[in-house]
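The chain contents come next:
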Amino acid sequence: MRKALKFTFTIGVFFLLLCANKIVLADKIAMPTVTYQSQVENIGWQSTAAQEQISGTVGQGLRDEAFKINLVDAPDGAQIKYQAHVENLGWQNEVTGGNIAGTVGQALRVEAMKVSLVNMPGYSVEYRAQVENLGWQPWVSDGQIAGTIGSSLRLEAFQVRIVKAARVESISLNKTLDTLFVGNTDKNLKAMITPENAAVKTIKWTSSNPEVASVDDNGQVTGVSAGEVTITATTVDGNKIASCNYTVSSINNVSSVNINKSTDNLKVGDFDTLSANILPDNATEKAVRWTSSNSSIVSVDNITGKIKAVSAGNAVITATTVDGGKTAACSVTVLNPKNDGISVSYSANINGSGWQNKVSDGEVSGTVGQGISSHGFKIELLNAPQGAGITYSTKVINGGWTYLVRDGAESNADEPNADIEAITVSLLNMPGYHVQYQAQIQNIGWQDWVSDGAIAGTPYKGLRLEALRIRIVKDFSVQYKAKFEDNALTENPVSDGAIIDTSGQAAKMEGIQVNLENAPEGAKVEYEVHVENIGWMSSVYDGAVAGADGQNLRIEALKMRLINAPNFSIKYQVDVQGIGWTNWASNGEIAGSTGLGLRIQGIRIKVYFDNGTDGSNAINSSPNVTASIFNSTNYKLSEYLRPSCNIQSTNEKAIQLHGGITSNNCVYFSSTALRMVGINVPTDMCNTGVYTNFLASLGWSRQIDYDLLTPGSICFTVDDDYTCPTHTYVFLDWVNPDDHTLAYVADNQSGSVHIRSLVATQQFDPFAYFMHE
């Protein structure tokens, strides 16, 4: 008996020691890890990195060109697969541990990567990328993308790690109760597993009564017959469960739907409520869901059909029945309440995304802060006067200016994949209105607003234009009143240069009020006055009284400026005691006197559109000109073209450049003349729109005011049958300086200086705009 007990005890100890050894051996089994290596621009293959170490470079601006990844201490049969997205090649085929993903010796950047495990249950691979201009991205796992696609950004470094996969802790559904009609399918039942990084997220869906409702492997529930049913989701890992109870009802199906109106016209900020009529009247489910084709123009309440006009443009509101998906639509036009309802609508073609939805009136089209280039724009006017239009041209990086297009046409159509770096935009046949636009530029940000044919962007610098804002502004006016001693403010305001004075009574001015009329949203006028015994007082705005109210003290000087009104300026002139009317001052300059004890006795104020020059500063074309004018390109051009022999030789060179063709040589003629006076114009310059943009890139100003014409200005005509200027000529002088109808000009249409009428007809504008230095 004792021997048996001893034997049994010995065997027990042996098995205990064996189990203990197994436990020790199990503790000593290494955790699977990963090693990896990068091929880096100018460096080559780096040393091997392991488990969360950085492979590649950070802060050196060097691209990863290839990489290799290996498993260490992994179970038998386990593999690691990985894949590289390479510049100009896209996604390469998957490779396994130790093989090269990417390229070697081709100077191509890796832009993104994907990594996954095979035959390693219970483990997950996690990785993240350091990307040009973006820095370190968040960790991703198991076949997700690290890096960027379509952004042309290099992957500079990465990290990889093997981690134990998480077990499922719980499951929940996005709803626990719902109703369903026979024959309908609910595709919105969703399951959420905790934690999110659980290794096995497989779910088994079951129905408590498939004769009432069935459920497929994706959790989509279909009503079969009237009754009650429970749909249950069970996790494969851990058998965690969650349920939703459905009531299934019989249904009288919807046959059609219509909306109470098919079109609607609103102004920005207006509301309306659309209603849907469902047939038949006894349909079981009459609910509809409302959607907008462009919620940035018209938003809609998904349930009630209440719409709001957000910005100018066109959008389609659609009502879709819950039962059967029947649809009806209403087309909504939104007008800008300012500018007589005239708006501008535009959209951008974005690298990797295509054409965006249209936006309008100062909204952003394109991308900001994403490092993505634009490939084209479409721009059009809404509710514009008959005959009005908008033209635009873009310049591509490493290329030239595209042809002018207009009214919604696609710019850059001939090079739809080229990056844009600059744009010009102009209005046609819209006197009193201006188009303003602002560009978001790579490494610069938002530039200042420009207008009416000026260049937005950075031509010839290779920086991409990433976004654009455009708006229409209308000329506006300034109104003003003045208070003189012993009198109230003038009863009625005056505007736009009208004189307020004391009618010879030499009374002192004690206060002024200035206000803008019909100004763009956000614009205001700031003004301040210098007062007897006080000095400069604090600035006031928009109709407030400037002056020492009730103290009987004279105003001696003043200054004004506009705020939030780009390309507009304000100028003002005062009548000073004993001196008379001063010269015009503008934009914060002092008008009047300080320290002399002289009162202001009169005032007048103007607001004007200032696209580089003001009419009061126009160059006088009389012989009394300054030396700087003699040195200007325009003066040299006009003097060169006055002799007939020069016109004839220039025309001969133009014909040669056009391959011997004697017609349509106006641009060849004008650009040849410019080369003769020292301007390096490309010899293949032959298109009026491209010519316009080239001159603008030299800093030449684009104008439409006859009063600013000076000898040597290059003029452009427009025929209403065409979308861009059809002829160009060089202005030399007026036939009669007091009658701006006939001009002396030089072009390819005559062998000498000849007279041209500048009077517009219904079909032809002989003077659309001009360019000068």
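Everything quoted here is computed from the prediction, not taken from an experiment.

1. Here's the deal with unusual backbone geometry
So, step 1. In this structure, the amide linkage connecting threonine 194 to the following residue, proline 195, adopts the cis form with an omega of 0°.
So, step 2. Relative to the assigned elements, proline 195 resides in the loop between β19 (191–194) and β20 (203–207).
So, step 3. With an omega dihedral of 0°, the bond running from leucine 279 to proline 280 counts as a cis peptide bond.
So, step 4. Looking at where proline 280 falls in the secondary structure, it is placed in the loop between β28 (276–279) and β29 (288–292).
So, step 5. Despite not being glycine, glutamate 52 has its phi angle at roughly 80°, a positive value.
So, step 6. By relative accessible area, glutamate 52 is classed as partly exposed at 38%.
So, step 7. In this structure, asparagine 239 takes a positive phi of about 55° despite not being glycine.
So, step 8. Note that asparagine 239 resides in the loop between β23 (227–235) and β24 (241–249).

2. Remarks on the packing of helix α4 (residues 644–657) against helix α5 (residues 666–676)
Helix packing geometry: the angle between the two helix axes and the distance between the axes.
So, step 1. Between α4 and α5, the shortest axis-to-axis distance is 8 Å and the interhelical angle comes to 120°. As for the relative orientation of α4 and α5, their crossing is right-handed in sense. Facing Ile647, Thr650, Asn651, Lys653, Ala654 and Leu657 of α4, the residues of α5 in contact are Tyr668, Phe669, Thr672, Ala673 and Arg675.
So, step 2. The residue inventory of the contact of α4 with α5, partitioned by class, reads six nonpolar, three polar and two charged.

3. Looking at the packing of aromatic side chains
So, step 1. Evaluated as defined, the whole model comprises seven aromatic pairs.
So, step 2. Plain terms: the ring middles of phenylalanine 568 and phenylalanine 609 are 5.0 Å apart, the flat faces sit at 80° to each other, and that makes the pair edge-to-face. Of this pair, phenylalanine 568 sits in strand β56 (residues 568–576) while phenylalanine 609 sits in strand β60 (residues 600–609), and the two are 41 residues apart along the sequence.
So, step 3. Residue phenylalanine 609 is classed as buried on the basis of its relative accessible area, which comes to 17%.
So, step 4. Site record: aromatic cluster; members linked through ring pairs are Tyr36, Phe67, Tyr82 and Phe158.

4. Things to note about the pairing of strand β33 (residues 327–335)
One face of the sheet, then the other: side chains in a regular strand alternate in exactly this way.
So, step 1. Residues of β33 alternate between two faces, with Ala328, Cys330, Val332 and Val334 buried on one and Thr327, Ala329, Ser331, Thr333 and Leu335 left unburied on the opposite face.
So, step 2. Sheet topology note: the strand β26 (residues 263–267)/β33 ladder contains five bridges and is parallel. In the strand pairing of β33, lysine 267 is matched with leucine 335.
So, step 3. A loop of five residues connects strand β32 (residues 313–321) with β33, the two strands running antiparallel in sequence, and glycine 324 in this loop sits at a positive phi of about 90°.

5. A look at the environment of asparagine 552
So, step 1. When you line up the elements, asparagine 552 lands in the loop between β54 (545–546) and β55 (555–563).
So, step 2. On the accessibility criterion, asparagine 552 (43% relative accessible area) is partly exposed.
So, step 3. Between the C-alpha atoms of asparagine 552 and alanine 348, which are 204 residues apart in sequence, the distance is 59 Å.
So, step 4. Those residues within four positions of asparagine 552 in sequence are excluded, and the remaining contacts are Glu485, Lys508, Glu510 and Glu532.

6. Describing helix α6 (residues 688–697)
So, step 1. With respect to burial, α6 is a largely interior element, nine of its 10 residues being buried.
So, step 2. Along α6, the residues that are buried comprise Thr688, Gly689, Val690, Tyr691, Thr692, Asn693, Phe694, Leu695 and Ala696.
So, step 3. For α6, the capping residue at the N-terminal end is asparagine 687, with a side-chain oxygen 2.9 Å from the backbone nitrogen of glycine 689.
So, step 4. Positive backbone phi, at 95°, marks glycine 699, one or two positions downstream of α6.

7. Quick notes on a nonpolar patch on the surface
So, step 1. Taken together, the side chains of Val735, Leu742, Tyr744 and Ile755 make up a nonpolar region of the molecular surface, amounting to roughly 310 Å² of accessible area.
So, step 2. One can find leucine 742 in strand β64 (residues 739–746).

8. Quick look at the packing of α5 against α6
So, step 1. In the contact formed by α5 and α6, the axes pass within 10 Å of each other and the chain directions differ by 25°. As the angle between them shows, α5 and α6 are arranged roughly parallel. Of the two elements, α5 crosses α6, and the hand of that crossing is left-handed. Residue-level inspection shows Val667, Ser670, Ser671 and Leu674 of α5 in contact with α6, the latter providing Thr688, Tyr691 and Leu695.
So, step 2. Within the contact of α5 with α6, the residues separate by chemical class into four nonpolar, three polar and no charged.

9. Remarks on the domain arrangement of the protein
So, step 1. If you check the domain split of the protein, you get domain 1 (31–162), domain 2 (168–247), domain 3 (254–333), domain 4 (341–472), domain 5 (475–612) and domain 6 (630–770).
So, step 2. One C-alpha centre belongs to domain 3, the other to domain 4; they are set 32 Å apart.
So, step 3. On the side of domain 4, eight residues touch domain 3, which itself brings eight residues to the contact.
So, step 4. Carbon and sulfur atoms supply 45% of the area buried between domain 3 and domain 4, which totals about 510 Å² over both sides.
So, step 5. Along the lines of polarity and charge, the residues of the side of domain 3 that touches domain 4 split into two nonpolar, six polar and no charged.

10. Some thoughts on the pattern of salt bridges
So, step 1. The full count for this structure, using the stated rule, is 23 salt bridges.
So, step 2. A salt bridge links glutamate 94 to lysine 81; the nearest nitrogen and oxygen atoms lie 3.3 Å apart. In this pair, glutamate 94 is assigned in the loop between β7 (90–91) and β8 (95–96) and lysine 81 in strand β6 (residues 79–86), connecting sequence segments 13 residues apart.
So, step 3. Residue class for glutamate 94 comes out partly exposed when judged on its relative accessible area of 43%.
So, step 4. When its relative accessible area of 25% is taken as the criterion, lysine 81 is described as partly exposed.
So, step 5. Here glutamate 87 ties to arginine 109 by a salt bridge, and the two come within 3.3 Å at their closest N and O atoms.

Each value, and the rule that gives it
- Residues numbered from 1 in each chain as written.
- Predicted model: local features only at pLDDT ≥ 70, side-chain atom pairs only at ≥ 80, totals over all residues.
- Heavy atoms only, no water.
- Helix = DSSP H or I, 4+ residues; strand = E, 2+ residues; numbered from the N terminus.
- Buried < 20%, exposed > 50% of the residue type's maximum accessible area, 1.4 Å probe, protein only.
- Axes fitted to C-alpha atoms, helices over the stretch in contact; angles between N-to-C directions.
- Left-handed = near helix turned anticlockwise from the far one by under 90°.
- Contact = heavy atoms within 4.5 Å.
- Nonpolar A, V, L, I, M, F, W, Y, C, P; charged D, E, K, R; others polar.
- Phe/Tyr/Trp six-rings, centres within 6.5 Å; stacked < 30°, edge-to-face > 60°.
- Pairing = 2+ DSSP bridges.
- Polar contact = N/O pair within 3.5 Å; in protein donor to acceptor, adjacent residues only side chain to side chain.
- Patch = residues over 30% accessible without salt bridge, like charges linked within 9 Å, V, L, I, M, F, W, Y side chains within 5 Å.
- Areas by Shrake-Rupley, 256 points an atom, 1.4 Å probe, with all protein chains shown as cover.
- Salt bridge = Lys/Arg side-chain N within 4 Å of Asp/Glu carboxyl O.
- Parallel < 35°, antiparallel > 145°, perpendicular 65-115°, else oblique.
- Domains from an automatic or database assignment.
- Buried area = accessible area lost by both parts, 1.4 Å probe.

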